[in-house]
Structure formats: structure tokens, C-alpha cells
Amino acid sequence: MKTLILAAALAAAPALAQAQELVTRNRVGLPDAPNTLTFRLTAYDLYSSDPATKATFEDLFTDFIRARPDWKIETQLQTGNIGQEQARLLQQTQAGRGPDCAMIDSSQLALFKQTGTLQPMNMVFSDDEIADLFPYVREAVTNEAGEVLAWWWFTDLRVLYRDTSIVPDAPQTWEALREAGLAAVDAGREGVLFNGGRWEGTAFDWLAHFWAQGGRLVDDDGAPVFAEGENREKMLRAVAFYRDLVESGAAPARVTAITDYDAFNAAAAAGTAAMFVGGNWQYGQLRATLPAEQFADWAVSELPGPTEDERATGTGGWTIAALSPDEAKRRLCGEIAKEIYAGPGNAAQGLLPTSAAIYDRYDAYDGPEFDLFAEALQNGVARPGAAIYPEISNQIQIMLGDVLSGTAEPEAALDAAADAVQAAYDRQ
Amino acid sequence: MTARPDRGPGAGFAQPVPWLAPAVLVLAAFYAVPVLDVARLALSDATMVRPASGFSTEALRGVLSDPALPEVLGTTLIFVGVNVVALQVVGLVIALTIVRGEGRELPGMAAFRTLVLAAWVVPGIANGLIWRMLFDEAPYGTLNSLLGYAGLGPVAWLSDPQMALVSAVIANVWQGTAFSMIVFYAARRGIDPVLYEVAALDAAGPWRVFRSITLPLLRRAIAVNTVLVSVQTLNTFDSILALTGGGPGRATEVLSLFTFNTVFYNLDLAGGSVLAVLLFVLGLGMTLAVLAAGGRNPS
Amino acid sequence: MTGARWGDAATYALLGMLALFFAVPFAWLLSLALRTPAEVYRGAARFIPAEPTLANFGAILSDPAFLVYLWNGLKLSASGAALAVVLAIPAAYACSRFDFRGKMAVLLGLLAVQMISPLVLLVPLYRWMSALDLLNRDLSVIAVYGALGMPLAVWLLKVAFDAIPIELEEAASIDGASRVQTLARITLPLARSGIASAFILAMVMNWSQFLIPFILLERDADWPISVAIFNFAGSISASTTQLLAAACLIAVLPAVAVFVLLQRMIVSALISGAVKG
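Calculation rules
- Residues numbered from 1 in each chain as written.
- Chains lettered and ligands numbered in written order.
- Predicted model: local features only at pLDDT ≥ 70, side-chain atom pairs only at ≥ 80, totals over all residues.
- Helix = DSSP H or I, 4+ residues; strand = E, 2+ residues; numbered from the N terminus.
- Buried ≥ 20, exposed ≤ 12 C-beta atoms within 10 Å, placed from the backbone.
- Contact = placed C-beta atoms within 7 Å.
- UniProt positions renumbered as here; feature names shortened; annotations may be inferred.
- Pairing = 2+ DSSP bridges.
- Axes fitted to C-alpha atoms, helices over the stretch in contact; angles between N-to-C directions.
- Parallel < 35°, antiparallel > 145°, perpendicular 65-115°, else oblique.
- Left-handed = near helix turned anticlockwise from the far one by under 90°.
- Nonpolar A, V, L, I, M, F, W, Y, C, P; charged D, E, K, R; others polar.
- pLDDT = per-residue confidence, 0-100.
- Domains from an automatic or database assignment.
- Core = buried A, V, L, I, M, F, W, Y, C linked by C-beta atoms within 7 Å.

## Quick look at the overall build of chain A
Point 1. Along the backbone of chain A there are 18 helices and 11 strands.
Point 2. Dimensions of chain A, computed from C-alpha atoms along their principal axes, come out at roughly 65 × 55 × 35 Å.
Point 3. Taking all 428 residues of chain A together, the buried fraction comes to 55%.

Structure representation (C-alpha cells):
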């Protein structure tokens, strides 16, 4: 992946002089172009602090706008505060001041779909392309009428990382994970690390264990059902699994303070942890951080399940959606998603595409880890497309924090979470 | 400095209205409508997604009957109370020590003052991020490593619910001390030096000087500072957000962070407005309590 | 005098411990700012980077946008503080010199303005500014800063005015000067250090404001550094923590410079009367 970025950067170098004219801090295209599209994007690509990434995207945007001389794209940056950004975007669209086209985190997509502000982009995407999307992606970006309301341009998933010098075989079940963790503790390491603090990552990473049992957070109408009937048992089993990890010592008590995936990279670099539950993007980070011989010890595997056959992993990523009803703008927005981001944009950053065809198209996906990621994605579960999800996540974070720190018993914590979610749902 | 009769120049009877008008007009123009809007939203069913459809006390009842509210309020009172005491004690110690150092013409006092002030300017979120790394409980974590060299620890800085609140206070004291330091430094320098010279002639010890001169004469400064620091601390949420997110569980979720989560995470505008009103009432209540305890009005 | 010597040693011991407490986080920021991306992922595992680099500072300072953000921050916080002080002067003067019913209520009411959490006010504020057609204009942020900073400024200026002997004003009024003339010619020059301190405190508080400019200014070219700094905070495939740390240090510097340059003014202003019984 790194060489690819380098190659792209080198290829971009001669074109840089021209690129600078067409790409400025808040515009792509010529200032006097008659048509304008406003596009709100994250600071991760075209305006990345990483020069190689920035150069690659400047090149992609330059080619894109050269083919459309009548257009200029006015770019608006969004900060990394997803919660505040979405609140701001909602405010602006309701006041009629929103951008024509925007990047929306996949976790917020359901909410925006519900507000009815997203505009279809079917003229850009063929039925075949839609059919080739992973099922959870297709379901999230289309509505019942088959309209494409957003394009999910990359996805991510959670996997189990392990140091094979301590844990040679990938644990496939919860029980195996606990034993491997305890064995690692005997070998003087921390067993298994995972997010356990107060943030979205904690709930989302843990939910894989609920979903692996076939649990459901909401019913078909979007009403919370996670604490009822069978789902209740599944919730409690998954909570007990995490609690046993901490109580047995297979996971250190400090997990309730981990609110950041970078903490796992640090532990891997320091050589103090044997396993962690991390994101697929960390594989590239570890390769860049660790000395080659140390990196060679690290391997990824699917998250363990209650049994070998019950597996799941949470999937996220970003989407691009049109907010303007204007047909030409909707089209351009879809084309940005398709021609710049999904495909070349994926490959340049080593991000996971959302359709199988793209994996075959780029050399960037030849590494063995991508075979594992693709396999695990078969068990991928996205956040439910319900507006109550953020509050469910919030309450799960509180429940796990209370249980893992010994403040509450699982049953009582689950009841409190269910009551709070229900109260919030009733007022929505 | 108590209210004095108007015997200044100009008209015999002064009319305060024109003098207050600019301040009041600007507040009215830019602030009155939004503030009234908050009160209106608190009595509605508005969310960030959906505008208010009419009068409703559901949000009010929902928030007040939320079983999490007592816990959050308790955390808030502890956080604010401990901070107000800690910020002022540290601020006072620093101010008095600097004054002493300057009196003795010791070098380095200005540099130290600047260091404390610099912490005040660091954005709250950055403050949380820095301390999160310092409190890292991994085997190689900074503070625990330092304690380890001294044969102490390790401390469960952020993973233990009680300790997490202490850690949040430490991070806040690091950032907020500067304000108290400035106020106390100025107040101490404002005390007539003759008083200290007299005390020196009486051969009074430092503790007696502090008890019978410095502390009584700083009483007003302490009262005013308590009000200002309480209000500032009550509204602090960004550093905790970055430090613990309010966790583990709800261990460090103070009212302002709870409000933030309600509005920006749960998108519950009506509920958030109720909480904002609650925050306001709490702030006003604390102010009046401090002023009453101070025994004198602040004019 | 050995007693005083011992006292000096104790002073340094105490300040040394406190200095450690206040300096450690900055040392951390510096450690992060000097790292390569690969070393950032080592987190707390290594304090002194193996390959320290100034590239992060270079990257920030060579980004033309960064200087724009700095300038925006300076412009907004200084204008907002100036507005707060200008509004506060007549109000503080009235509260200092006039005796009127409800003065206590006015002073408390002003303090109450500070107690309204900007958190929730933001949504109505956004709508109101939109209705006034002030969104995306510096004026909207400056007006809010002015309103937010004014109460503290009134309190500080009131004590500064209280400290000025009223006899000086009476002398001017005998010469036939109106009250406004007296204020402009006599009182304000005497209270200049009080005015400076109110201005600086308001400016520094504005400097680190995040939510208000974030909501009211939509174009990143208008953002102050306090908002824009978080553009350096995130990346999907590469760490930018080292850039954030460098940006943070650079962003703190102007405010520290203001402090250092004007510290004496603040302090002498507060000495001249503030908060003493």
C-alpha cells in the first residue's frame, strides 16, 4: 500500500504545477466556470495533512474537473467531530443552507434518510453496480423504491489481532479467546485488549458478539427490542463474556479507559499485549510502525464467536450523498463518489471497497490480509438503520463501563439501559 | 466601595438608563430571542430532526424523571465542589508564593507565572487528549512509569470510576488555575504593605500573618472568584469529553456533558433545553449561595 | 538571615513541584510534535523520540491556510473583546458612579448571562443569526463574543472605576465638562490598565472558543484557529496526532505572547482596585 501511495505521488509530481491552478483550498475547477456544486468533505483526502494522500486526490480531482469544464466544485471542510458535524449539517439543510453534496458517516446515514433530505443518484449507478454492493451496504444506501440515496464508498470491519509468537493459533471461540488471554498473561503479557471506555467504538466492537448470536437491536419499525425475549439472553451472554475476560484477568481492568484504537498500536509497538480487537485499517498502521521482524509476528483473524459457526463483525465507513434536488448536481455528486472515491480513492488509501468487483481491479488488494477481510465481511453487520441507534450505543457504553468496572450487575445494567432507550424512543 | 450617593458632576439626578442602554440593547438584539427560544424549546417536543409541534411538558417530565439525573447531578456537584476548592487553594498558594518570591527579588517568578497562564490557553479538547495520554494505564504509561520509578502505583487513573473523577479534576486544575492565580495575585498585591511591616515589627510568624492579615483581606476576592470559578467549572465539558467521554459508565458525566450528549448525540433538542435551564438554575443558585455566605453584596 | 534563606529554598521547592505539574503536559505536547507518524503510534511507550523531526512544525507553518486561521482567530477574538469592553464601559461607569434602584439586579443579571450554557443556545442562535442574515459573517461571532465577554468586563471595570477618586471628576465638572466628557478625558485614561486587563481576559477567553464559530461560520476559510486546529486531528490511513500537537503549540504561542507583553498591565489594573475589600 505504501509503495502504491509513493508511486501515485511520484506520478502526480509533474502534473503538480497544473494541479495547483485547478485545486485550491476551497475550490476545484476554474473560478469562472458557470455551474457550481458545493461539496462538504472530510479532511482525510483532498485536504489531508499527509502529502502523498493529498497529491493523489488533487490528481483525481483535477482529471475529474478537466472532463467537466463547465463546473467548479466549491469545497467545504468538515472537522473530525462527527456528532457536532452531523448536527450542524442537519441544521443547515433544514434552514436551506446545506451543501449540494456531502460526505456522511455511515453511522449517521439512517438519520439523514429519515429526514428525507437525501436525493436519488440512480442516473449514475447501474443496476449491476448496485447489485454488486455488499448486502448490508446495498440495504443501507437504497430505499424501498430502489432509489440510491447515498453511495457508501468504503467500509471497514473489526478483527482480532494476535502476536503469533505468544498465541500461535487464532482463537475461534469466546472460550478459546479467554484461554489464549490467560496463557498470554502467564507469559508476562496483557492478554486481550479491546475498547471498553465511553465512546462509540466500545459499543460497536462489542455488538459483534451480540450479532453473532443472531441478536437484533431494533425491530422492522425501528423500535428497540434488544432487551426483550431471546435478545435479552443474547445481550446478557455477550456482556458475561466481556465481564469474564476482565474478571479472569484475560483482559486487563484498564480496558474501561480505552477510548481509542491507537492505544492498541502503542501496545503492539511496546510489545506488551498479545491480542487486541481492532479495525482492519490498523494492519497498515502496524506495518508502518513496527520493525519488519516484529510485524511478521502479527496476524489477523475473524472475531471469535460463542461457537465457531456463530460469527459477526461490525462494519462502518463513509458515504457520499446528494442533498440538492437539482438533477445536474445530483449527477455530479454521484460521479464524484463513483469516479474519484469508490475505486481509485479506495486503492490509494488502502480502504476496503464496498463491492467485490473493485477488489479484483486494483493490485492494492493483493495482500493476504485482504483475503481474510473479504471473508470476514461475509459476516459483516452494519449499524441498524434506525434513528434510535445513537442512544442505544450510548446506553451500551454505559452498561459495559458499569459492568466491567464492577459498579453494576449485568441484569440491572441492561434493565437501566433498556429503560433509558425506551424513554428516549418514546420522545422521538 | 459600597454604593455611594450620586454626587458626581453633571445633572444632580443621574439617569442610569442611557448608560446601560448599549449593553442591554446588544444583549437584546443578539441574545434575547435565542434565550427565549431555549425556554420555549424546553416546553416543546422539538428534536434536531423535527421542529416543535406544540406545547408539551413531556421533555420536562422525561428529563426530571430520568433515573440517570440524580447520579449526574451528584457527579456534577462533586466535580464542581472539589474543583472550586482545589483551583482556589492551588491558585492562592501560587499567588502568595510568587508575591513572596518577587518581594525577595528571586529570579524565575515571571517565567513560572507564564507557564501557568499558558495552560489556560490550551483548547479544552487538546487538554483532554494530552492528559488522556499521561494517564495511560498501559504498562508503559507516562505517569504510572514515573510512579513506578518511585516504587509506587500503578494507579487506575481512568479505568476506576472514583479515580476517573479525581483525574478529571487534576486535568481541570491544570488548565483552570491561571484564572484564580491572577485574581489572588492582584488582590494580594493590593493589600497595603504597611500592614505587613507592622506585623514584622510584632515578630508575628508567617502563619499568623496569613491568618490575621492576608486571609481576611482576601475574603472579597475569594467570594467573587468562587462565583466566577463555579460558573466556569459548571459549564466545562470539552476536556472531560476528550479525557473519558464521561466514563467509565457514567462516572465522570457531569451535567454539561450530559446536556451535550443529549443535544449532539441523541439530537433531543427539547430535553437538552430543559437541561440547559437546569444548568442555569444551578449556576444562579450557587452564585446566590456564595454571595449570601460571603455576607455582603458585591457592589 | 538564614530564616529568609530557608524561606527562599522553600519557595523554590514549592514552585519547582508546581512547575513540574504544569510543565509535564507541555513536554508531552512537544514530544508528540517532534515525532514521525510511525513513532506517534508508540504512544507513551517512548517519551523522547528516537528520530526527532521538525517536519511537523514545517508542515503547519508552510500551510498558507494555517496563517489564515491564525489571523481569523486574532481578528475575531480581538474584535469581540473590543466590543465587550466598549459596551461595558458606560454600564460599568453607571454602576460605579450612580446610585439607582436595581443596581444589584443589573450586576447579577449580567452575571447570569454568563451562566447560560452556549451548548443549547447554539441551535436557536443559529436560527436567529440566519433570520438576521448574519450567518457566515464575522459580525455574528463578534456580536456573540461581545455579549459573552461583556459581563466579566463590567465587573472588572466597575472595580477599576471605583478605585478612581471621585474628586478628580468633580474638578472637571466645575470647569463645565459634561459627564460624557469627564468620562472620556479623566476617567478612561486613569482606568486604562483596567480596560486593558478586561480586554485581554476577554480576548483570551474568545481565543479558545470552539462551538460558536464552528456553528456560525460555515466556510473553513473563515474559521479561527480554535476550530481549524481539528482539521489536523484526523486521518483514516495515517496518523496526524503529531501535526495536531505541533499546531496546538503554535496556536498557544500568540496568546502566551499577549500575556507576556501585557501581563504587567493586567496585574497593575487588578492591583489598582479589583476585588479588594
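## Some points on the overall build of chain C
Point 1. When you go through chain C residue by residue, the secondary structure sums to 13 helices and zero strands.
Point 2. Element order for chain C, N to C, with α for helix and β for strand: α-α-α-α-α-α-α-α-α-α-α-α-α.
Point 3. Within chain C, the proportion of its 277 residues that are buried is 56%.
Point 4. Nonlocal contacts in chain C, meaning residues at least 24 apart in sequence, comprise 77% of its contacts between residues at least 6 apart.

## Examining the interface of chain C and chain B
Reports of interface size often rely on the accessible area that becomes lost once the parts have come together.
Point 1. The interface of chain C with chain B comprises 81 residues on the first partner and 82 residues on the second.
Point 2. Sort the elements by how many residues they give to the side of chain C that touches chain B and helix H1 (residues 2–33) of chain C lands first, with 14 residues.

## Remarks on the environment of Ser44(B)
Point 1. Looking at where Ser44(B) falls in the secondary structure, it is placed in the loop between helix H1 (17–42) and helix H2 (58–64).
Point 2. Contacts of Ser44(B), omitting those with residues within four sequence positions, involve Ala52(B), Phe55(B), Ser56(B) and Ala270(B).

## Re the UniProt feature "transmembrane region" (unreviewed entry) in chain C
Residues and elements named next belong to chain C.
Point 1. Cross-referencing UniProt, the feature "transmembrane region" (unreviewed entry) maps to residues 12–34, 77–95, 107–127, 139–157, 195–216 and 236–262 in the present numbering.
Point 2. Secondary structure content for residues 139–157 is 100% helix and 0% strand, and the end C-alpha separation is 24 Å.
Point 3. The distance separating the terminal C-alpha atoms of residues 195–216 is 28 Å; by composition the span is 86% helix and 0% strand.

## A short note on unusual backbone geometry
Residue and element names in this part refer to chain B.
Point 1. The step from Gly247 to Pro248 runs through a cis peptide bond, and the omega angle for that step is -5 degrees.
Point 2. The residue Pro248 is located in the loop between helix H11 (238–243) and helix H12 (255–265) in this model.
Point 3. In this model, Leu267 sits at a positive phi of 60 degrees, which is unusual for a non-glycine residue.
Point 4. In this structure, Leu267 sits in the loop between H12 and helix H13 (269–294).

## Brief notes about the pairing of strand E6 (residues 151–163) of chain A
Successive residues of a regular strand alternate their side chains across the two faces of the sheet.
Residue and element names in this part refer to chain A.
Point 1. Within E6, 13 of the 13 residues are buried, which leaves the element mostly enclosed by the surrounding structure.
Point 2. With six bridges connecting them, E6 and strand E10 (residues 313–322) associate as antiparallel partners. Bridging from a neighbouring strand, Phe154 pairs with Trp318 of E10.
Point 3. Judged from the five bridges that link them, E6 and strand E8 (residues 273–279) form a sheet pairing that is antiparallel. Each residue of the ladder has a partner; that of Leu160, found in E8, is Val277.
Point 4. Sheet topology places E6 next to strand E9 (residues 298–301); four bridges connect them, and they run antiparallel. Bridged to Arg162 within E9 is Ala299.

## A look at the packing of helix H4 (residues 109–121) of chain B against H1(C)
Point 1. Interhelical geometry of H4(B) versus H1(C) gives an angle of 30 degrees and a closest axis separation of 10 Å. As far as their axial angle goes, H1(C) and H4(B) are roughly parallel. Regarding H4(B) and H1(C), the two cross each other, and that crossing is left-handed. Along its contact with H4(B), which presents Phe112(B), Leu115(B), Val116(B) and Ala119(B), the element H1(C) presents Leu15(C), Ala19(C), Phe22(C) and Ala23(C).
Point 2. Across the contact of H4(B) with H1(C), the residue classes tally to eight nonpolar, no polar and no charged.

## Digging into the confidence of the model for chain A
Residue and element names in this part refer to chain A.
Point 1. Summary statistics for chain A give a mean pLDDT of 90 and a share of 95% for residues scoring 70 or more.
Point 2. Looking over chain A, one finds the lowest element-wise mean pLDDT in helix H1 (residues 2–12), namely 45, and the highest in helix H8 (residues 174–186), namely 97.
Point 3. Contacts from residues 1–20, a stretch scored under 50 in pLDDT, to residues over four places away or in other chains number 26 contacts.

## What to know about the domain arrangement of chain A
Residue and element names in this part refer to chain A.
Point 1. Partitioning chain A into structural domains gives domain 1 (2–155 + 315–377) and domain 2 (157–313 + 385–427).
Point 2. The distance between the C-alpha centroids of domain 1 and domain 2 comes to 30 Å.
Point 3. In this assembly, 15 residues from domain 1 lie in contact with 14 residues from domain 2.
Point 4. Here the residues of the side of domain 1 that touches domain 2 are counted per class, giving eight nonpolar, four polar and three charged.

## Some points on the environment of Trp71(C)
Point 1. Here Trp71(C) is to be found in helix H4 (residues 64–97).
Point 2. The class of Trp71(C) is exposed, set by 12 C-beta atoms lying within 10 Å.

## Thoughts on the confidence of the model for chain C
Residues and elements named next belong to chain C.
Point 1. Summing up the model confidence of chain C, the mean pLDDT is 81 and the portion of residues at 70 or higher is 89%.
Point 2. Below a pLDDT of 50 lies the segment residues 273–277, which in the model reaches 20 contacts outside its immediate sequence neighbourhood of four places, other chains included.
Point 3. Scoring the predicted complex yields pTM 0.87 and, for the interface, ipTM 0.86.

## Some points on the nonpolar core
Point 1. Core analysis: the largest hydrophobic core is formed by 311 residues, its most contacted members being Ile320(A), Ala88(C), Ala153(C), Leu157(C), Ala202(C) and Cys248(C).
Point 2. Each of domain 1 (2–155 + 315–377) and domain 2 (157–313 + 385–427) of chain A gives at least three residues to this core.
Point 3. What Cys248(C) contacts, discounting residues up to four positions off in sequence, is Val122(B), Ala126(B), Leu29(C) and Ile229(C).

## Description of helix H6 (residues 142–149) of chain B
All names here are of chain B.
Point 1. Taken together, the buried positions of H6 are occupied by Thr142, Leu143 and Asn144.
Point 2. The inward-facing, buried residues of H6 abut helix H5 (124–134).
Point 3. Phi turns positive, to about 80 degrees, at Gly151, one or two residues after H6.

## Let's talk about the packing of H1(B) against helix H7 (residues 138–162) of chain C
Point 1. Remark: H1(B) packs on H7(C), axes separated minimally by 10 Å, with the N-to-C direction vectors making an angle of 130 degrees. If you check the angle between H1(B) and H7(C), you find them oblique. Regarding H1(B) and H7(C), the two cross each other, and that crossing is left-handed. Along its contact with H1(B), which presents Ala23(B), Val26(B), Leu27(B), Phe30(B) and Tyr31(B), the element H7(C) presents Ala143(C), Val144(C), Gly146(C), Ala147(C) and Met150(C).
Point 2. Here the contact of H1(B) with H7(C) is composed, by residue class, of nine nonpolar, one polar and no charged.

## Notes on the pairing of E10(A)
Residue and element names in this part refer to chain A.
Point 1. Most of E10 sits out of view: 10 of its 10 residues are buried.
Point 2. Side-chain alternation along E10 places Thr313, Thr315, Gly317, Thr319 and Ala321 on one buried face and Gly314, Gly316, Trp318, Ile320 and Ala322 on a second face that is also buried.
Point 3. With five bridges connecting them, strand E5 (residues 101–105) and E10 associate as antiparallel partners. Paired with Met103 across the two strands is Ile320, which belongs to E10.

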